[in-house]
Structure formats: C-alpha cells, structure tokens
Amino acid sequence: MLSRVADSICWLARYMERAENISRLLLSTQDLLLDAGAEAADVTQFWEPLLLATGDDAAYATLYPAITGIGVAEFLTLREENPNSMINSVRAARENARTVRDQISDELWECVNSLRLFLESQDARAMLLHQPAAFYERVLLSSYQFQGIAGSTTPRGEIWHFLCLGMMLERADKVSRLLDTCSAVSTEMTPHPGSRPLRWAALLRSCSAWHALHTISARLDPVKIIEFLMINETFPRSFEYCVTEVHRTLEALCLSLPASAEMHKPARLAGRLAADLRYSTVDEILAAGLHDFIDDFQTRLNMIGTAVFETFVLYAENAPAAEDPLVPPASWQPGAWHHAAELDVQTQQQQQ
Amino acid sequence: MFNNYETSSFFDEVFTDSSVRPHYRAVLEAMNSLNPQDYAVRQRSADNAFLRQGVTFNVYGDEQGTERIFPFDLMPRIVPRKEWQRIEAGLVQRITALNLFLNDVYHGQKIISDGVVPAELIESASHYRPEFRGVKVPHNIYVHICGSDLVRDGSGEYYVLEDNGRCPSGASYMLENRNAMKRAFPGLLQSLPVRPVDSYGALLRETLTHLAPPGVLDPVVVVLTPGVYNSAYFEHCYLAKQMGVPIVEGRDLIVRQDRVFMRTTHGMQQVHVIYRRIDDDFLDPLVFRKDSLLGVPGLVKSYYSGHVALANSIGTGVADDKAVYACVPKMIKYYLDQDPILPNVPTYLGIDPKECGYILDNLENLVVKAVNESGGYGMLMGPQSTAEEREAFAGCIRANPRNYIAQPVLALSRHPVFVGDHFEGRPIDLRPYVLYGDRIRVVPGGLTRVALRKGSLVVNSSQGGGSKDTWVLWDGLAKPAETPKAA
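If you're wondering where the values come from, they're calculated on a predicted model, not measured in any experiment.

## Here we look at the overall build of chain B
Alright, step 1. Scanning chain B for helices and strands turns up 15 helices and 23 strands.
Alright, step 2. Taken over 487 residues, chain B has a buried fraction of 57%.
Alright, step 3. Intrachain contacts of chain B at a sequence separation of at least 6 include 69% that bridge at least 24 residues.

## What about the side chain of Arg24(A)?
All names here are of chain A.
Alright, step 1. Take Arg24: it is sitting in helix α1 (residues 3-36).
Alright, step 2. Here Glu20 takes part through its side chain, which lies 2.4 Å from a polar atom of the side chain of Arg24.
Alright, step 3. Setting aside anything within four residues of it in sequence, one finds Arg24 in contact with Leu140, Tyr144, Arg205, Ser206, Cys207, Ser208 and Arg237.

## Some points on the environment of Glu48(A)
Alright, step 1. Following the sequence through the fold, Glu48(A) ends up in helix α2 (residues 44-54).
Alright, step 2. Each C-alpha atom, one on Glu48(A) and one on Thr181(A), is 9.4 Å from the other, the two residues being 133 residues apart in sequence.

## A closer look at empty space enclosed by the protein
Residues and elements named next belong to chain A.
Alright, step 1. Under the definition given, this model contains five cavities of 30 Å³ or more.
Alright, step 2. A volume near 110 Å³ is recorded for the second largest cavity.
Alright, step 3. Every residue along the wall of the second largest cavity is listed here: Leu25, Thr29, Phe46, Pro49, Leu50, Leu178, Thr181, Cys182, Arg199, Ala202, Leu203 and Ser206.
Alright, step 4. Ranked by the residues each element gives to the lining of the second largest cavity, the list is headed by helix α10 (residues 198-206), at four residues.
Alright, step 5. There are two domains that each give the lining of the second largest cavity at least three residues, and those are domain 1 (1-154) and domain 2 (156-186 + 196-319).

## Overview of unusual backbone geometry
Residues and elements named next belong to chain B.
Alright, step 1. A cis amide bond links Ala311 to the next residue, Asn312, at an omega of -10°.
Alright, step 2. Its place among the elements puts Asn312 in the loop between β13 (309-311) and α12 (322-325).
Alright, step 3. If you check the backbone angles, His139 has positive phi at about 55° while not being a glycine.
Alright, step 4. Tracing the backbone shows His139 in the loop between α5 (119-123) and β4 (145-146).
Alright, step 5. Phi is positive for Asn140, close to 55°, though the residue is something other than glycine.
Alright, step 6. Asn140 gets classed as partly exposed once you look at its relative accessible area, which sits at 34%.

## As for the domain arrangement of chain A
Residues and elements named next belong to chain A.
Alright, step 1. Structurally, chain A comprises domain 1 (1-154) and domain 2 (156-186 + 196-319).
Alright, step 2. Summarising the inter-unit geometry, the C-alpha centres of domain 1 and domain 2 are found 21 Å apart.
Alright, step 3. At the junction of the two partners, domain 1 supplies 33 residues and domain 2 supplies 30 residues.
Alright, step 4. Buried area between domain 1 and domain 2, both sides added, is near 3000 Å², and the carbon and sulfur share of it is 64%.
Alright, step 5. If you look at where domain 1 meets domain 2, you find five salt bridges.

## Observations concerning the pattern of salt bridges
Alright, step 1. All told, the structure shown has 50 salt bridges over all chains when counted by the stated rule.
Alright, step 2. Here Asp106(A) and Lys241(B) are joined by a salt bridge, their closest N and O atoms 3.0 Å apart. Placement of the pair is Asp106(A) in helix α6 (residues 106-120) and Lys241(B) in helix α9 (residues 233-243), with the two residues belonging to separate chains.
Alright, step 3. Judged by relative accessible area, Lys241(B) falls into the partly exposed class, the value being 26%.
Alright, step 4. Measuring nitrogen to oxygen at the nearest pair gives 2.7 Å for the salt bridge that ties Arg276(B) to Asp280(B). The two residues Arg276(B) and Asp280(B) agree in class, both being buried.
Alright, step 5. A single network of salt bridges, built from pairs that share partners, joins Arg14(A), Arg18(A), Glu170(A), Asp173(A), Lys174(A) and Arg177(A).

## Some thoughts on the sheet that holds strand β10 (residues 259-264) of chain B
Hydrogen bonds along the backbone pair up the strands of a sheet, which may run parallel or antiparallel.
Residue and element names in this part refer to chain B.
Alright, step 1. Taken in spatial order, the three strands line up as β9-β10-β11 in an open sheet, and their pairing is antiparallel. Of all the strands in the sheet, just β9 (253-256) and β11 (267-270) have a single pairing partner and so form its edges. Strand-to-strand, the axes of this sheet are offset by a mean angle of 40°, without reference to chain direction.
Alright, step 2. Relative to β10, β9 is paired through four bridges, and the arrangement is antiparallel. Considered in β10, the bridge of Ile254 is made with Phe261.

## A few points about the domain arrangement of chain B
All names here are of chain B.
Alright, step 1. According to the domain assignment, chain B contains domain 1 (22-213 + 308-339 + 410-472) and domain 2 (348-408).
Alright, step 2. For domain 1 and domain 2, the distance between their C-alpha centroids amounts to 25 Å.
Alright, step 3. Facing 20 residues of domain 1, the contacting portion of domain 2 comprises 16 residues.
Alright, step 4. Carbon and sulfur atoms supply 50% of the area that domain 1 and domain 2 bury against each other, a total of about 1500 Å² over both sides.
Alright, step 5. Our count for the domain 1 to domain 2 interface comes out at one salt bridge.
Alright, step 6. Notably, a salt bridge pairs Arg402 with Asp321, separated by 3.0 Å at the nearest N-O pair.
Alright, step 7. Run the count over domain 1 and domain 2 and you get five residue pairs in polar contact (both at pLDDT 80 or more).

## Notes on the nonpolar core
Alright, step 1. Grouped together as the largest cluster of nonpolar side chains are 185 residues, with contacts concentrated most on Leu119(A), Phe135(A), Met230(A), Leu250(A), Phe101(B) and Ile274(B).
Alright, step 2. In contact with Phe101(B), not counting residues within four places along its chain, are Ile111(B), Ile122(B), Val318(B), Ala319(B), Val324(B), Met331(B) and Tyr335(B).
Alright, step 3. Grouped together as the second largest cluster of nonpolar side chains are 65 residues, Tyr5(B), Val27(B), Ala311(B) and Phe418(B) included.

## A word on the confidence of the model for chain A
Residue and element names in this part refer to chain A.
Alright, step 1. Across chain A, pLDDT averages 85, with 84% of residues at or above 70.
Alright, step 2. Predicted confidence for residues 320-334 stays below pLDDT 50, and this span has 30 contacts to residues more than four positions away or in other chains.
Alright, step 3. pLDDT under 50 marks residues 336-341. Its contacts with residues more than four places away, or in other chains, come to twelve contacts.

## Focus: the sheet that holds β13(B)
Residues and elements named next belong to chain B.
Alright, step 1. Pairing is parallel in the open sheet, where four strands are placed in the order β8-β7-β12-β13. The two strands at the open ends of the sheet, each matched to only one other strand, are β8 (247-248) and β13.
Alright, step 2. In terms of strand pairing, strand β7 (residues 221-224) meets strand β12 (residues 273-276) through four bridges, oriented parallel. The residue of β12 that forms the bridge with Leu224 is Arg276.

Conventions adopted
Residues numbered from 1 in each chain as written. Chains lettered and ligands numbered in written order. Predicted model: local features only at pLDDT ≥ 70, side-chain atom pairs only at ≥ 80, totals over all residues. Heavy atoms only, no water. Helix = DSSP H or I, 4+ residues; strand = E, 2+ residues; numbered from the N terminus. Buried < 20%, exposed > 50% of the residue type's maximum accessible area, 1.4 Å probe, protein only. Contact = heavy atoms within 4.5 Å. Polar contact = N/O pair within 3.5 Å; in protein donor to acceptor, adjacent residues only side chain to side chain. 1 Å grid on protein atoms, 1.4 Å probe; cavity = no way out; pocket = protein on both sides within 12 Å on 5 of 7 lines; lining within 4 Å. Points joined across faces, edges and corners; volume = space filled by probe spheres on them. Domains from an automatic or database assignment. Buried area = accessible area lost by both parts, 1.4 Å probe. Salt bridge = Lys/Arg side-chain N within 4 Å of Asp/Glu carboxyl O. Pairing = 2+ DSSP bridges. Axes fitted to C-alpha atoms, helices over the stretch in contact; angles between N-to-C directions. Core = buried A, V, L, I, M, F, W, Y, C linked by side-chain atoms within 4.5 Å. pLDDT = per-residue confidence, 0-100.

Now the structure itself:
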C-alpha cells in the first residue's frame, strides 16, 4: 500500500471518530441539563468542560461573548471558523476518503460523503436549532454506519489495520481528555444515595459508559468510574481497551514489515503503554495524581502516533540501499490532505 | 411530453419529419408512458445519486460551491448496430493511421519527405517534441487510449470533429451514466439488446499490461494523477478502481537507476506501466517544465530506457493540433492506402495563404478555432459573434495564421432532452473510447454530450454541457430494429 494512502486512511477514521465524539458529548450534556434544570445548577459548569476537553476555550472566547448551550453547540458542530468543529472534521474525513477512494468500498465512501452533504445543507442548521437531539443522533448513526460498513466490507489487511489504528488512537485521546476535565473534581462519594454527582454522570454518558458501568456498580462512585474508564479490559472506550487494540493492530502491521533485530518502535511503545495500564491499580493512579497520569498517557499516545508515521509513511525514505540521498517530499506531513499547500491546488488545476 | 417538439431543419436523432426512427420506438414509448412529474422524480433521484457518490467535477475560479455534478439527461441516445459498425471500423482505421503517423514523425519522417504533410506544420505544432525523435516506444504504439469526438450534420452523416490523443477524459461518466440508467429504467434496459460497457476497466488494464517491459510477467500498473484538487480527480480514481490498480501522485513515485518506484508501507515497489493523466509539460521537471511539482524527476529518462511504459506516450499532442488533424485523411491514404471511413469536418487552415484569405472573408459563417485550445475555449462562433469579436479574431489570425483553423458551422444533430416538464431538441456529439493494446478495441458506447443551453452548440462541461447514456444496440436478426417500415 502507498505510504500516503496509509496516512489518509488512518486520518479518515480519526476524523470520523472525532465527529462522533463531539456529537455524543453534546447530546449527553444536553440530556443531563434537562435533568439538572430543577436543581438550579449553573449551566456554565456543564458547557465549559466541553470546550476544555477539545482545548478550544480560547478560540471560543474570541467568537462568542459568553458560554451558553447554543453557543457551544454551534461552535463545536457547524462553526466554520473552528478548525476542530464537527463540520470541519467531517470535511477532512471526506477529503481523506476522496484521496483513497480507489482503496475503500463505494459504500464506505458514500457514507462519509453523505454525512458531509448533510452537514453542509440548510436542513442540518435548522435541525441543530430546533431538534438538536435528532441532529446529534443523525451524526452518531452515520458514524456507526461508517464503522459497520468498514467492518463488513474491508478486507482484514492493511486498510483495515490503519482504519482501526486511527479510530482507536482518536478514541483514547478523546476519552482521556474528557476524564481530565474531571480530574480536579472531588472523588468523594456523595453522602445520600439519591443525589447524583452530576459531573461524573455527565462524563459517563459522554463516554457511552453509563449502562456498562451500572452492570458492575450500582452507585456512581467516582473512583469506580475512573477505574472503569481507564483500566477496564472489556469496555470498548476505556484507555486500556483502546491501547490494547492499537498494540494488536500494530503487531499485525509490523508482521508484514521485513524482520529486524529490534522490535518495531510503534508496537514496542504501544505494548509498553498497554502493559502499564494493565498492571496498574486505580489507587496507584490516584496516588500519582489523576491529571499527571493522564498527561503522561497523552504524551505517550502522541509518541505512538509519531512512531506510526515515521515507520509506515516515511518508511520508504528510511529504507536502506539508497545510493543517492533521498529528499522527502516537501509537502508531506502527517494529517494528509488538509496540510497540503495552497500551491498544490493551483498546480493541479492547471491540468486538463 | 413530446407535444410541440420541433424537428424541422435539423437532423433529429429520434424523429424523422413524419415518424419515429425504428430503433427509438421502445424508448419513446417508455418516456411517453411517464407523466412529467414521474420523470422529474427519476431525474432528481439520479442527480442525488451522483452527488452522494461524488460523481462531480470542480469549477475553477469559483470559490463557493465549486463542486458540481455533470448534468445528466435520462433519455438515452441510441446507436443501432449498423451505424455502430461503421463508427467502429472508422475509429480503428483512424487510431491505426494516427499511430503510424506518430511513429513516422518521431523517427524517419517519411510523410514529410514524401511531401504529404509540410515539415513546417509538424515543427510548429506546440505539442511536438523534437527531443523525443528516435526513441523507441513499446510495440510502436503512441496513442493507447483515444477519445475522438464525433458529430453528425444535417444529413445524419458522422464526422470526426477532433481526436484526443493526449489524455481523453470522460470514460468514467460513460460508465456512471449506465449505472444511473440501470437504476432509473431497469425494465427498459433489459428489454433492449443494449451492449454493456462495464468491461472498460478490464480492457483498459489489459491494454496497459500489454505495454509492460519484456520479461515482466505481472507488471505493476498505476494511474498517475495531478492530485485530489484536479477537476478530473474523480475520474482518475474511478478508473484506478475499475482496473484494481493504485492511484498515485508524483510525490509517491521516485526514480532510481532509471527505474520507477512507488513509496509504500513496505518500502519501494517497482512500477512498470503508468497510465498518466498529467500533460507532457508537467511529467518530469528535469526534461519539461522545471517548476512542475506534479511530475517525477527522472521519469522521462526511465521511459527512454524502457524500464517503464507510459500511456499515452510523450508527444502525441502533435496529432491533436487542429491543423494536423486536418491532415488525418491524407495520413489514412498515405499509410493505409484507404479512404477514410469517417470523414473529417471540412477544415480551412490559416497556414495556407489561400485558405486564410477565405477564413478572413467569411468569418461570420465559420467556426474559428485556435489549434491548441480545447474545452470550447479560444473559439469564435461566426454566426453568433458581434462585429467587434470578429474584428478581434481577424487581428489574431493575421498576426499568427498558423495558430488558427476554421470550419463551416455544422447543423449538429439534435436529441430530445428533458426541460422542466417537456422535451426539447438539443445538439449532441459522441465521444467513443478506443483502446490500442495487443489489439484495437472500441468500447460499444461512449459519452454523448449535450449542449443544454438553448441555442448553444458547445457541449463541453465547462460551458454548460451535459451528458446522456449511449446505448449501442446489438439488434441482430431476431430484432430487426433497422428494418424500414413497409411502404
């Protein structure tokens, strides 16, 4: 497979996962607020973590005077000026899909392209305003459809592995950011079984973990929640699950590389991170400090991402037996299409 | 829906003055059985499918809404077997002669020394590559994929309007149009002996595989695209997918020791055949345009040394020059000693002083074209032009007569297209695709383009053109669609 294609496929999955996460985050927050209304909670404390989780609070402040539900929802979904908004993520997914259209199934391409057409339509804007829940569900369904089509039409080879890799790296990153927004919140149990720690409840819902956790713990114990989201082996959005998947995928990918004495770097990094999570206890994590632990986790995720890029995308450059020195192509950076220079657009258009 | 349909003074594909042409009867019946609302629903659902599938092209210089679908009209254009057989024979003859011509031009130039074509005409053609003379190409084939544009005049005679020997585009639309028809009119398609076009991808791959360097049993074939921002990117990708080969950009390829490799997740992999959709000028910055970022440094040298094959070859544009086009009938006579089966549109050359005078005297009756432009650009439509436009063109022609040719305005044949709630006649052309590999194959079908704007004669997509599916019938003895009605 072309190195460039591998990169695009990975980012296609990442951007779709990103759009899905934004949708779920908004939907769960909105639902929770409907419950919290009677308790006269301060709405800002619900919307602000959303901005913190995506790291866009400063960008938001330049565009909106105050943190409101409508403002945050618009900013995270359809706002053009927000480079991380849902619409821009889906566009990026679509451009990456377009680049590798010959490699993925027609159904998969149509799914991504249809979602992009929907988000760019007037209907989408009206729906967001008047029936936001339906809007979020529409996007969620598209993402599930994407995963379903990918799962049922993609041969289990490199394309599949790179799709998984992109999805799991993105998911691990997003869940860790969400958890981090709660790292300063008290982990004490509330004294009355009837009262609910709203922030923790919101966190659970935005990770689709509410029901899964309830099967193993009847009460919303923050420590249990942290444990569940970080080191549960079975929950498909937990840190450990995601990293283990990344590791498995990387081992499969490295199998096809020429054997070398040293284990391939991405697999080694992912394996070590997976082991660290697997053999940690929640008490150790809390003792080390939740925020610091998550910070370290994210750094290591990024290192895996970089190693993947260096190993698979730049591999050809680094391959031995070059008698003349090779210069990597100038416009080649991770993240595929959207980093491409404006120049590309011009020169490519000159052709008939 | 066909009330008030005008057929006078043109060759109409469907109707004669008094009746329906036999090969259109079934289709017309089907169209008439729908009311305009039903028809519009099918049309909309076809349009939406194109949009969803991203069967779109980009309009340059248009910041907003750059993505458009190529307008598609549901009523198919039908070519009966006998007509098609003549077209097919004519195209085979033509691509044979063109390849003999190119081989000659890039080697001995006998056609010049025998005085059939003036040297000046060849040497001044802008896509002529003198540095390419003497280079041997695989099997002496230069044009592997050709898409000649055919038109019909008022009498129904087919003419070749131009040959596209560089990178003819549109084959993907031929295939997608058929898919759209399968959805919109499955019953109709099944009830007629319509020849399938879906083998195009497989035939193209065979054609390309044939070019592989000797001894390579399982050659690696790729499609080379300028990139995702190119207006034809959809087509490049589509064809790559139909063939089951990778699509690459210049930056994915690298040349080492005169061999071409692509950068893969497994390291370097050698490439043997490149279906390139990049013009000569951009192919290799070491040889052609130095500023090209699209090409591959060293590619041309690798081609010269025979380690990689290109389709189409370099320098084929010399035959696309509209003044050289005018000589194709002479080439057919010279190389094959045959008369052309498909005639050229009569063409006056600016380079010939006598004909140039005629052009200047008759501007308002002629279509004047710059020899190297395509896509409907650089044209003067005499009868619709203003005095100022004619004056400006006359100035250009006097300044550089070699650069212009003129043709009489053809009364292009017309075909019904759906407009609002009824059918109106619009001019059409036909671009069939010819593949030259181990043998010559013409895909039974092609892209029928329509000038959708009322009064327009230009069918190019950049100028408001649309397209139709083209049904070539295999109307054998059992179904004598060609049999004339009893008197």
